[in-house]
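Working through the structure, step by step
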2 protein chains.
Amino acid sequence: MLFFDKFFNPKSVAVVGASRTQGKLGYTILENLKYSFKGPIYPINPNAEEILGLKSYPSLIEVEEPIDLAIIVVPAEMTKKVIEEGIKKKISAFVIISSGFSEIGEKERQLELKKLSETKKIRIIGPNCIGIYKKDLDMIFLPKKRLKRPPEGFISFITQSGAFGSILLDIMANEGVGISKFISIGNKVDVDEIDLMNYLEKDLSTRCIAIYLESVRDGAEFVKTAKRITQNKPIVAFKAGKTEKGKEAVVSHTGSLAGPSEIYSAAFKQAGIIEAKLSEEIFDFSKVLANQPVLKDNKIAVVTDGGGFGIVAADTAINLGLELPALDSSSVKILKTFLPPYASFNNPIDITGDATVERYQKTLETVLKDKNISGVVCIALMQLPTLDDSIIDVIKDGKVFGKPITVCSAGSDFVLERNRKLEMYGIPVYPTPERAVKAMSVLYEYGKILKREETVKKKK
Amino acid sequence: MLFFDKFFNPKSVAVVGASRTQGKLGYTILENLKYSFKGPIYPINPNAEEILGLKSYPSLIEVEEPIDLAIIVVPAEMTKKVIEEGIKKKISAFVIISSGFSEIGEKERQLELKKLSETKKIRIIGPNCIGIYKKDLDMIFLPKKRLKRPPEGFISFITQSGAFGSILLDIMANEGVGISKFISIGNKVDVDEIDLMNYLEKDLSTRCIAIYLESVRDGAEFVKTAKRITQNKPIVAFKAGKTEKGKEAVVSHTGSLAGPSEIYSAAFKQAGIIEAKLSEEIFDFSKVLANQPVLKDNKIAVVTDGGGFGIVAADTAINLGLELPALDSSSVKILKTFLPPYASFNNPIDITGDATVERYQKTLETVLKDKNISGVVCIALMQLPTLDDSIIDVIKDGKVFGKPITVCSAGSDFVLERNRKLEMYGIPVYPTPERAVKAMSVLYEYGKILKREETVKKKK
């Protein structure tokens, strides 16, 4: 068992600062834990005997059973004492949710925690964070009514901003995109992105690591670690605080220093990290990288029932260095047997607005089998009555050909429900052709990162 | 009365090709018209006596009452005959939904329509389009169950792609963004973007014109027209078919020739048109331009309860040429009376994760009154229980200061419902800080376009 399993697969959990008052963080955390975590939970509160039906204890010391993980939500000035008690209780894994440390200039208080983590055999996540989310370990202090939880999946997300992280969780839930592990690291007094990257590297249920960063502890080690990991699984990173103004804001946010953005971009590149330049790209890129195979070369096809969207997809592909080659003549021959004469057999393949599910099925099969084509961007106007629900299976079944597929589909409730189903099957869906094509290009980029190392190996 | 009122405010409408068969275009169009249009509707179908409870006629000629507008959904080869009958019936406005013209190489068939429109006193919208949508004139052939209709508002949208247009309508409906008039122009055998721009220029309920273009009929006239209009109301345009590959696809889509993209960009600039470079920007930009005042200079403030989002907003603002000046010292003094000491009084103003609605209210008021600040990007983590529903009113009430406001807020159902309410009040909401700031920068851009003309006038 790895040490970090204490954080992610604890056998028992204590909540120090658990509250009986609905609306308080210590209440919501306990409530969410109770409905997710299957092992024993020990609320710690000197003024309560029972909270939410769980027996409460005045301090960690009073709990007789062993505790794997302590989640701390007491006021900042009390955290040190709680950790010292935890150490006596032989607890080695702590998550400090409480804020009130270096982010508000209380550097001394944070240093005390740092000293504890360095001199005692303990690890601390936080402070000033929203902790961990896993399907079976939900310590997020935002109520589910306001912030939905995403299904289980293959993305793990490390974030230095709690707000950013929580919104991402909510969006993932809304779109049906799965998460494996979510970790808000806040002021990262001890556990940082590098520790977590090392753990997630070996975690089988993590197929893509996504990171929101304001600063890194050790640039050289970060690059070295990422360089090794990206040969095994993709990393997507977004760096906030790129301008002077943004960097000033970083200081007052997590009390850390942001380096120059060019250095970050260069380091990401060197490390084989895919850089998200827009915040939404963390989400766009990680869901495709976690669920789809790489694009082995730059040759893709666009299949669409909306001409306009096909054009925009083509423009985007060309501008991103992808090619839309002609299909093999044998494929065109097959397409002509079932597509109407007014369809477009050029790439983008426009199967026109009266396309049926059958037309999609046969076209996708033909195109995905074509040796000239390595990946397909599938655009579907789900609003059309000619497309019944079986369109979902048809697109999903395209996976058997082993080539990557991304989908463009947008609209309101009716469409969004279908999109969610596609996401559940690991088919990433985007609201615009540009984003669907960009996601495809990222699969090509990651393929090149993998090849880069192969080339190095061969040279040796 | 302007001629185009026959299209947008007809007193009576005929649907030629109305169908009794559920699922057929001619059925859905009639159904949607019936539930939106208040005047008499005449279904035309030689094989029916009554459709959807409306008396049906074998041909346009048989209708005794006058008809202002004829919507045509018969097979392409029959359209000419229908129009000729319509001319006999003294109808002068036609919308041809039917496809099967130059987009599939049937140029001769389209030329026949063109000849009719040129020699007779009639105007034709289409063919190969989805027609017009207004709250009281819904001829969209997609059922409401699959494609929602947006509320009434101030954006009018001209689109050469029906699919693109219909998805935009659905997204607008989903986000609660209002539309005034939607016009799908398809192959534009007669009525084109210039005609409609001229009409919408004088339309009081249109405050922003959004255009999806693949080609323009007459570049010089387009620029001249737009240059005049943009001094009165903003125009946002997206040009599809920018690459060689994209242009090829345009030919098979609407049978028109796309010009070089650089020429379009230059023409847009000259005409004072705000160019949407991404398809989603048509929507992002038009909703802010239709509902918010211009940003008079480049000085904005960011108010946030999430530090990370504030940083990303600051980065974006600086990269777009906006400034985040320090607040006036008197404002800082006021802020210090109610914000906690750990808040950030620098711009971005971080009122921190425990912000209440009251804190937002007082901060927004102070910042919007500040003479150093001309507009505010307000970021709110709506998922936080400290923010009750009154946050909506507080943000909306910021409008009284006459300075533009854009909002960043994202998540799932709970948040999206609040966002919809903000949109109903004319406050544009964006899912990322980048997009909220970009929208603000577009208000600055439009302000400069207005000033440009003023400068010219002064010089004279």
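The structure contained in this document is the topic of the report that follows. In this text the structure is predicted, and so the values were computed from the model without any measurement.

Here the focus is the pairing of strand E12 (residues 208-213) of chain A. Working note: regular strand, side chains alternate between the two faces of the sheet. Residues and elements named next belong to chain A. Of all six residues in E12, six are buried; the element is thus mostly enclosed. Going residue by residue along E12, you find Cys208, Ala210 and Tyr212 tucked away on one face and Ile209, Ile211 and Leu213 tucked away on the opposite face as well. Here strand E10 (residues 152-159) pairs with E12 via five bridges, running parallel. The partner of Phe157 across the bridge, within E12, is Ala210. Pairing of E12 with strand E13 (residues 235-239) involves five bridges; the strand directions are parallel. If you follow Tyr212 over to E13, its bridge partner there is Phe238. One crossover worth recording links E12 to the parallel E13 by way of helix H7 (residues 219-229), and it is right-handed.

The next thing to look at is the packing of aromatic side chains. Residue and element names in this part refer to chain A. Under the defined criterion, the tally for this structure stands at 27 aromatic pairs over all chains. Seen from their ring centres, Phe3 and Phe7 are 6.3 Å apart, and the 80 degrees between their planes marks the pair as edge-to-face. Across the ring face of Tyr264, the terminal group of Lys239 is positioned such that the distance to the ring centre comes to 4.5 Å. We note Lys336 situated over the ring of Phe345; from NZ or CZ to the ring centre the distance is 5.4 Å.

Below, the discussion takes up the sheet that holds strand E18 (residues 405-408) of chain A. Residues and elements named next belong to chain A. Across the sheet, five strands lie side by side as E16-E15-E17-E18-E19; this open sheet has parallel pairing. The sheet is open, and its two borders are formed by strand E16 (349-350) and strand E19 (429-430), each paired with just one other strand. Pairing of strand E15 (residues 300-304) with strand E17 (residues 375-379) involves five bridges; the strand directions are parallel. When the bridges of E17 are listed, Ile300 appears paired with Gly375.

The next subject is the interface of chain A and chain B. The interface of chain A with chain B comprises 68 residues on the first partner and 68 residues on the second. Carbon and sulfur atoms supply 64% of the area that chain A and chain B bury against each other, a total of about 5,300 Å² over both sides. For chain A, the biggest contributors to the area lost against chain B are Arg146(A), Lys245(A) and Ile311(A); these three give 14% of the whole. Scanning the region where chain A abuts chain B turns up four salt bridges. Taken together, the links from chain A to chain B amount to 28 residue pairs in polar contact (both at pLDDT 80 or more). Only helix H5 (162-175), helix H8 (244-254), helix H10 (279-291), helix H11 (307-319), helix H15 (413-424) and helix H16 (433-459) of chain A provide two or more residues apiece to the side of chain A that touches chain B. It is H11(A) that provides the largest number of residues to the side of chain A that touches chain B, a total of nine residues. Looking at side-chain class alone, the side of chain A that touches chain B contains 33 nonpolar, 19 polar and 16 charged residues.

Take the sheet that holds strand E8 (residues 131-134) of chain B next. Residues and elements named next belong to chain B. Here we have seven strands laid out as an open sheet, ordered E9-E8-E11-E10-E12-E13-E14, and mixed in their pairing. Each end of this open sheet is capped by a strand with a single partner; those strands are strand E9 (137-138) and strand E14 (274-275). Judged from the two bridges that link them, strand E13 (residues 235-239) and E14 form a sheet pairing that is parallel. Bridging across to E14, Val236 finds its partner in Ile274.

Let us look at the side chain of Asn347(A). For Asn347(A), the location among the structural elements is in the loop between helix H12 (329-338) and E16. Here the side chain of Asn347(A) touches Ile300(A) through a polar contact of 2.9 Å, landing on its backbone oxygen. A distance of 3.0 Å separates a polar side-chain atom of Asn347(A) from the backbone oxygen of Pro325(A). Ignoring any residue separated from it by four or fewer positions in sequence, one finds Asn347(A) in contact with Ile300(A), Ala301(A), Val302(A), Leu324(A), Pro325(A), Ile373(A) and Lys245(B).

Residue and element names in this part refer to chain A. Burial runs high along helix H2 (residues 25-34): seven of the ten residues are buried. Of the residues making up H2, those classed as buried are Gly26, Tyr27, Thr28, Ile29, Leu30, Asn32 and Leu33. Check the buried side of H2 and you find it contacts strand E1 (13-16), strand E2 (41-44), strand E3 (50-51), strand E4 (54-55), strand E5 (69-72) and strand E9 (137-138).

Our next topic: empty space enclosed by the protein. This structure, assessed with the given rule, holds four cavities of 30 Å³ or more. In this structure, the largest cavity spans a volume of roughly 1,100 Å³. In terms of lining residues, the largest cavity is bounded by 49 residues, among which Glu175(A), Pro431(A), Arg435(A), Glu175(B) and Pro431(B) are the most central. The residue makeup of the lining of the largest cavity, split by class, is 23 nonpolar, twelve polar and 14 charged.

Right, let's talk about the relation of the copies chain A and chain B for a bit. If you rotate chain A by 180 degrees and push it 0.0 Å along the axis, it lands on chain B with an RMSD of 0.0 Å. What the rotation and shift describe, once combined, is the action of a two-fold rotation axis. Distance from the rotation axis, computed per C-alpha, reaches its smallest value in chain A at Asp413(A): 5.4 Å. An overlap of 100% is found between the interface residues of chain A and their copies at the interface of chain B, pointing to a shared contact surface.

What counts and what doesn't
Residues numbered from 1 in each chain as written. Chains lettered and ligands numbered in written order. Predicted model: local features only at pLDDT ≥ 70, side-chain atom pairs only at ≥ 80, totals over all residues. Heavy atoms only, no water. Buried < 20%, exposed > 50% of the residue type's maximum accessible area, 1.4 Å probe, protein only. Helix = DSSP H or I, 4+ residues; strand = E, 2+ residues; numbered from the N terminus. Pairing = 2+ DSSP bridges. Right-handed = clockwise from strand over helix to strand, strands pointing away. Phe/Tyr/Trp six-rings, centres within 6.5 Å; stacked < 30°, edge-to-face > 60°. Lys NZ or Arg CZ within 6 Å of the ring centre and 35° of its normal. Contact = heavy atoms within 4.5 Å. Buried area = accessible area lost by both parts, 1.4 Å probe. Salt bridge = Lys/Arg side-chain N within 4 Å of Asp/Glu carboxyl O. Polar contact = N/O pair within 3.5 Å; in protein donor to acceptor, adjacent residues only side chain to side chain. Nonpolar A, V, L, I, M, F, W, Y, C, P; charged D, E, K, R; others polar. 1 Å grid on protein atoms, 1.4 Å probe; cavity = no way out; pocket = protein on both sides within 12 Å on 5 of 7 lines; lining within 4 Å. Points joined across faces, edges and corners; volume = space filled by probe spheres on them. Least-squares fit on C-alpha atoms with pLDDT ≥ 70 in both.

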